[in-house]
Amino acid sequence: MPEQAVLWEAAQDKKVQCFLCAHRCLIPEGKSGRCAVRKNNDGVLYSLNYDKVISANPDPIEKKPLFHFQPASSSFSIATMGCNFRCEFCQNWQISHAIVDAGVIEGQNISPEQIVDAAIRYDCKSIAYTYTEPTIFMELAADCGKLARQKGLKNVFVSNGYQTKEAIDFAAEWLDAINIDLKAFSEDYYRRLCKAKLQPVLETIEYIAKNTNIWLETTTLLLPDENDSDEELKRLTEFLVTKAGPDYPWHISRFYPQYKYADSVPTPTASLQRAYEIGKRAGLRYVYLGNVPGSKQENTYCYNCGQLLIERVGYNVASNKIENSLCPDCGTKIAGVDLG
Ligand code: SF4
């Protein structure tokens, strides 16, 4: 059953104005928004994916990736179909937009109670709204999120950061952490490859860092020759340091060819290394490389004395020396949530 949507208002001629994400679609009667999962029925906006969960299973929190949030814990990860972006290199394009654009929304009716119960059964410490864009299943996330909080679980989003401020305020009541994809630092890239804009994502990052208690990490997928120039990475990392702060981790993710970029090449490790150095030079205290098996740069080091604090092997935590959020060697505070 479609669920009445949140964050919209009635407009003229039975149109509705959705303000869940920065597209702010003005939707005529009988039509859907750009995400294709919110529909105007007779002047009322409905969520079409509330009762259609397409994926539900426990994952390491490191897979999100969130490295400074309850390390070594499991996060019960759910998704519905749909997205408000149309990224040409999407890793989950089948469930994000291919089928939805054809007018089909698949999934199972799993209630918030069942989701929270499953999370507890699997010994998870949080629920992750992930794989597709969680903003576009905000109604389900909110019902789960509030219930999860009552049961002592935390809630995390893995998101493209295209929420409006209204949506962030709405979620801030129950949302504990977010990893935002900062895909590039150019409007051209966002317009050409994602059918979206950069500026709203920058505003979300700054707003969350300065105005909420939501723990923030960001991720950039490096696409060869698209977003990996020194100059662009310098501007991106300087933005993170000055507008969010040096304590929020930045993940650099390696691209592997897929979807419309199937003929491309994987990101060279030299580019990832170069991005890492640029991030550190900009002043970021925690920079991580992802999708690079065996890399030492997936570990956490104390930014003050250089001590190895959390050793990771892929998504597993091999050791964690942090005590009371402090480096045991020099006593420096390490930013994050329930670090050890
Ligand atoms: S959530 Fe969907 S309907 Fe609402 S503004 Fe974004 S794309 Fe449009």
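Refer to the structure printed above.
These notes cover the structure that comes with them. (Residues numbered from 1 in each chain as written. Predicted model: local features only at pLDDT ≥ 70, side-chain atom pairs only at ≥ 80, totals over all residues. Heavy atoms only, no water.)

**Here we look at the pattern of salt bridges**
Part 1 of the reasoning: Scanning the entire structure with this criterion turns up 17 salt bridges.
Part 2 of the reasoning: Here D59 and K64 are joined by a salt bridge, their closest N and O atoms 2.9 Å apart.
Part 3 of the reasoning: In this structure, the salt-bridge partner of E238 is K234, at a minimum N-O distance of 3.2 Å. With E238 and K234 both in helix 7 (residues 230-244), this residue pair falls 4 residues apart, about one helical turn.
Part 4 of the reasoning: The exposure class assigned to E238 is partly exposed, which follows from its relative accessible area of 35%.
Part 5 of the reasoning: K234 gets classed as partly exposed once you look at its relative accessible area, which sits at 45%.
Part 6 of the reasoning: Taken together, the salt bridges that share partners define one network made up of D188, R191, R192 and E226. (Salt bridge = Lys/Arg side-chain N within 4 Å of Asp/Glu carboxyl O. Helix = DSSP H or I, 4+ residues; strand = E, 2+ residues; numbered from the N terminus. Buried < 20%, exposed > 50% of the residue type's maximum accessible area, 1.4 Å probe, protein only.)

**Description of the site of the ligand**
Part 1 of the reasoning: If you check the shell around the ligand, you find C18, L20, C21, H23, R24, C25, I27, G33, R34, C35 and R38 and nothing else.
Part 2 of the reasoning: With respect to the pocket detection grid, the ligand is positioned in the largest cavity.
Part 3 of the reasoning: Residue classes in the shell around the ligand are distributed as 6 nonpolar, 2 polar and 3 charged. (Near = heavy atom within 4 Å. 1 Å grid on protein atoms, 1.4 Å probe; cavity = no way out; pocket = protein on both sides within 12 Å on 5 of 7 lines; lining within 4 Å. Sits in = over half its atoms within 2 Å of the grid points. Nonpolar A, V, L, I, M, F, W, Y, C, P; charged D, E, K, R; others polar.)

**Considering the packing of aromatic side chains**
Part 1 of the reasoning: Tallied over the entire structure, the rule returns 12 aromatic pairs.
Part 2 of the reasoning: A ring pair is formed by F67 and Y288, whose centres lie 4.8 Å apart and whose planes are at 70 degrees; its orientation type is edge-to-face. Of this pair, F67 sits in the loop between strand 7 (53-60) and strand 8 (74-80) while Y288 sits in strand 14 (residues 287-290); the two residues are 221 residues apart in sequence, bridging distant segments of the chain. The pair formed by F67 and Y288 is uniform in burial state, with each residue classed as buried.
Part 3 of the reasoning: Plain terms: the ring middles of F76 and Y122 are 5.8 Å apart, the flat faces sit at 25 degrees to each other, and that makes the pair stacked. Within this pair, whereas F76 is found in strand 8, its partner Y122 is found in the loop between helix 2 (112-121) and strand 9 (126-129), the two being separated by 46 residues in sequence.
Part 4 of the reasoning: Here Y122 falls in the partly exposed class, since its relative accessible area comes to 46%.
Part 5 of the reasoning: Cluster of aromatic residues (ring-pair linked, three or more members): F85, Y162, Y189 and Y190. (Phe/Tyr/Trp six-rings, centres within 6.5 Å; stacked < 30°, edge-to-face > 60°.)

**Comments concerning helix 7**
Part 1 of the reasoning: For helix 7, with 15 residues, the first-to-last C-alpha span of 21 Å sits near the 21 Å given by 1.5 Å per residue.
Part 2 of the reasoning: Its buried side turned inward, helix 7 meets helix 6 (199-211), strand 12 (215-222), strand 13 (250-254) and helix 8 (269-282).
Part 3 of the reasoning: Just past helix 7, the residue G245 takes up positive phi, approximately 135 degrees. (Expected span 1.5 Å × (residues − 1). Contact = heavy atoms within 4.5 Å.)

**Looking at the sheet that holds strand 17 (residues 316-320)**
The strands making up a sheet associate through backbone hydrogen bonding, with each pair oriented either parallel or antiparallel.
Part 1 of the reasoning: Taken in spatial order, the 3 strands make up an open sheet running 15-16-17, and their pairing is antiparallel. Two strands lie at the open edges of the sheet, namely strand 15 (300-301) and strand 17, each paired on one side alone.
Part 2 of the reasoning: Across 2 bridges, the pairing between strand 15 and strand 16 (residues 308-313) is antiparallel. Among the inter-strand pairings, T300 is bridged to a residue of strand 16, identified as I310. (Pairing = 2+ DSSP bridges.)

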